[in-house]
Amino acid sequence: MRQYKRGTQEDYFQKFGSDENFSIAYRKMRRIKGFYSHLKIFIIVNVIIIVANLNRDLFGRGADIYDSGLLDWRTYSTAIFWGIGLFFHGFSVFGEDLFFSHEWQQKKIQKYMDKERASFKK
C-alpha cells in the first residue's frame, strides 16, 4: 500500500511540483491529516484509559459509584490535559477559520444586509 501512496504522491509532484499553490495546498492537507490522526489516537487512548480505570475501581474493590474512579480526578486528567494540547494543535492547523471562517463572515454580512433591506422596505 505504501508503494501505491508514494507513487500517487510522486505523480502529483510531477504534475504540479512547480506550482506554488499546489505546494501550499499539499502542506495544508498534510497538516489537517496529521491533526485528524492525532484526534483519532486521542480518542482511542483516552477511552482505553478511562474504561480501564473505571473497570479496575468498580470491579476490583467492589465499591459503590462514589468510591469508584467515576468521580476521581485521576481518571480524566490525561484526557483533559491532552485535550488542551489537541485544541492548540487544531487551532494551529485551522487557525481563525476554526470558528469564524470567511464563508461564515460572508453569510452573516449578507444576512444583516437582507435584514436591513427588509426593515427599510417596511
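Before any of the text, the structure's been laid out above.
Structural notes, computed from the coordinates. Quick caveat, the model's predicted, so the values are computed rather than measured.

Further remarks concern the side chain of Asn46. On the secondary structure map, Asn46 appears in helix α2 (residues 20-60). A polar contact is formed between the side chain of Asn46 and the backbone nitrogen of Ala79, at a distance of 3.3 Å. Among all residues touching Asn46, those that are not within four sequence positions of it are Thr78, Ala79 and Trp82.

The next subject is the environment of Val45. Tracing the sequence through the fold places Val45 in helix α2. Sequence-wise, Val45 and Ala79 are 34 residues apart; in three dimensions their C-alpha atoms are separated by 8.8 Å.

To continue, consider helix α3 (residues 73-94). Compared with the 32 Å implied by 1.5 Å per residue over 22 residues, the 30 Å span of α3 between its first and last C-alpha is a close match. Inspection of α3 places Thr75, Ser77, Ala79, Leu86, Gly90 and Val93 among the buried residues, and these make up the whole buried set. Remark: Gly95 follows α3 within two positions and exhibits a positive phi of approximately 65°.

As a further point, take the packing of aromatic side chains. Inspection of every chain in the model, using the stated rule, returns 8 aromatic pairs. Both rings, one in Phe87 and one in Phe91, keep their centres 6.4 Å apart while their planes meet at 20°; by these two values the pair is stacked. With Phe87 and Phe91 both in helix α3 and 4 residues apart, this pair spans about one turn of that helix. Given a relative accessible area of 41%, Phe87 falls into the partly exposed group. Assessed through its relative accessible area of 38%, Phe91 is described here as partly exposed. Feature note: the residues Phe35, Tyr36 and Phe94 constitute an aromatic cluster, connected by ring pairs.

Let us now look at the environment of Met29. Along the chain, Met29 turns up in helix α2. The exposure class assigned to Met29 is partly exposed, which follows from its relative accessible area of 37%. C-alpha of Met29 to C-alpha of Val93: the two residues are 64 residues apart in sequence and 9.6 Å apart in space.

Conventions adopted
- Residues numbered from 1 in each chain as written.
- Predicted model: local features only at pLDDT ≥ 70, side-chain atom pairs only at ≥ 80, totals over all residues.
- Heavy atoms only, no water.
- Helix = DSSP H or I, 4+ residues; strand = E, 2+ residues; numbered from the N terminus.
- Polar contact = N/O pair within 3.5 Å; in protein donor to acceptor, adjacent residues only side chain to side chain.
- Contact = heavy atoms within 4.5 Å.
- Expected span 1.5 Å × (residues − 1).
- Buried < 20%, exposed > 50% of the residue type's maximum accessible area, 1.4 Å probe, protein only.
- Phe/Tyr/Trp six-rings, centres within 6.5 Å; stacked < 30°, edge-to-face > 60°.

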